Amino acid sequence: MTTALPIPTIELNDGNRIPQVGLGVFLVEPGVTERVVADALEVGYRHIDTAAIYGNEAEVGAAIAKSGIPREELFVTTKLWNDRQTDARSALEDSLEKLGLEQVDLYLVHWPVPSQDTFVTAWEQVLDLREAGLTVSAGVSNHEVEHLTRIIEATGEFPAVNQIELHPEHQRQELTAFCRGNGIAIEAWGPLAQGKSDLLTQPRLAQIAEAHGKLVAQVVLRWHIENGTIIFPKTSRRERMIENADLFDFELSETEHALVTALEAGRNYGPDPREFGAK
């Protein structure tokens, strides 16, 4: 069994702690997921993020089972899909069976899907699952301020995290300010803009990277880290996994950090949470 990478943890608003860097398996084909997760665990990752809709929970579970790593050293997240928002207990039990686990560390309402208007019910049921011990922490994903406001007003409970599309070109300043102001940790999916932009070829980022002896991707990921964001840089390559977590032996100067922040363009590459899932 390998040693865990020196990745810091963040304390959530429920007192639990989460590693700031994890491996996400969105769009990782089931046929390769077990190998990818096994590689991540071998190089020292201890935080794995999956979802029911990814179709690879069983393979994530197989890799965990074969790793020999004690369960208490791992942080595992999965998510409630849109068509199960009023059936969350059964949905999570299905996920746990596939994962081969008795509980997950974090369960997220994957999308609000305002058109079907069941996300408040979904949040209430996820809170019940936390009380039942099937998940340690409860959170949401892709929730905008208006969605967060409704679930908080309905229950008096603040999500532990909100996982959102977040990268230098799409910084979600109103949403991130709301989350941070209310103690909701921010997780970034697509922290490198999903490879759909020219972010990693920006000359100013190349200069910063060269000054630190790092890759441009590492500069961007370091920017997230310094903002207090939890990140899931996606890769199926073992050497890239190591690079993506090698972020803690350098710091950006205030000027360098500001140069990354200045790349804001209001440019998203994923779905609009206000419209996604509309029938």
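Higher on the page you've got the structure.
As the structure is a prediction and not an experimental result, all values here were calculated from the model. (Residues numbered from 1 in each chain as written. Predicted model: local features only at pLDDT ≥ 70, side-chain atom pairs only at ≥ 80, totals over all residues. Heavy atoms only, no water.)

> What is the right way to look at the pairing of strand 8 (residues 161-165) in this model?
Side-chain positions along a regular strand alternate between the two faces of the sheet. Summarising burial for strand 8: 5 of the 5 residues are buried, a large majority. Strand direction decides the pairing type here: strand 7 (residues 135-141) and strand 8, joined by 2 bridges, are parallel. Bridging across to strand 8, Ser141 finds its partner in Gln163. Viewed along the sheet, the connection from strand 7 through helix 5 (residues 145-155) into strand 8 turns out right-handed. Regarding the hand of the β-α-β motif, the stretch spanning strand 8, helix 6 (residues 173-181) and strand 9 (residues 185-189) is right-handed. (Buried < 20%, exposed > 50% of the residue type's maximum accessible area, 1.4 Å probe, protein only. Helix = DSSP H or I, 4+ residues; strand = E, 2+ residues; numbered from the N terminus. Pairing = 2+ DSSP bridges. Right-handed = clockwise from strand over helix to strand, strands pointing away.)

> Got a minute to help me understand the packing of helix 2 (residues 57-67) against helix 3 (residues 88-99) in this structure?
The geometry of helix 2 relative to helix 3 is characterised by a closest axis approach of 7 Å and an angle of 45° between their N-to-C directions. Put simply, helix 2 runs oblique to helix 3. Packed against helix 2, whose contacting residues are Glu57, Ala58, Val60 and Gly61, the element helix 3 presents Ser95, Lys98 and Leu99 at the interface. Here the contact of helix 2 with helix 3 is composed, by residue class, of 3 nonpolar, 2 polar and 2 charged. (Axes fitted to C-alpha atoms, helices over the stretch in contact; angles between N-to-C directions. Parallel < 35°, antiparallel > 145°, perpendicular 65-115°, else oblique. Contact = heavy atoms within 4.5 Å. Nonpolar A, V, L, I, M, F, W, Y, C, P; charged D, E, K, R; others polar.)

> Is there a simple way to think about helix 7 (residues 203-212) in this case?
Each turn of an α-helix holds 3.6 residues, which means side chains three or four residues apart point in the same direction. Within helix 7 the residues assigned to the buried category are Leu205, Ile208 and Ala209. Each buried residue of helix 7 sits inside an arc of 100° when the element is viewed along its axis, so together they form one side. Helix 7 presents Pro203, Gln207, Glu210 and Ala211 as exposed residues on the side facing more than 90 degrees away from its buried surface. Here the buried face of helix 7 lies against helix 8 (216-226) and helix 10 (254-261). Following helix 7 by one or two positions, Gly213 has its phi on the positive side, about 65°. (Arc of directions from axis to C-beta.)

The values reported here are purely geometric and, on their own, carry no functional implication.
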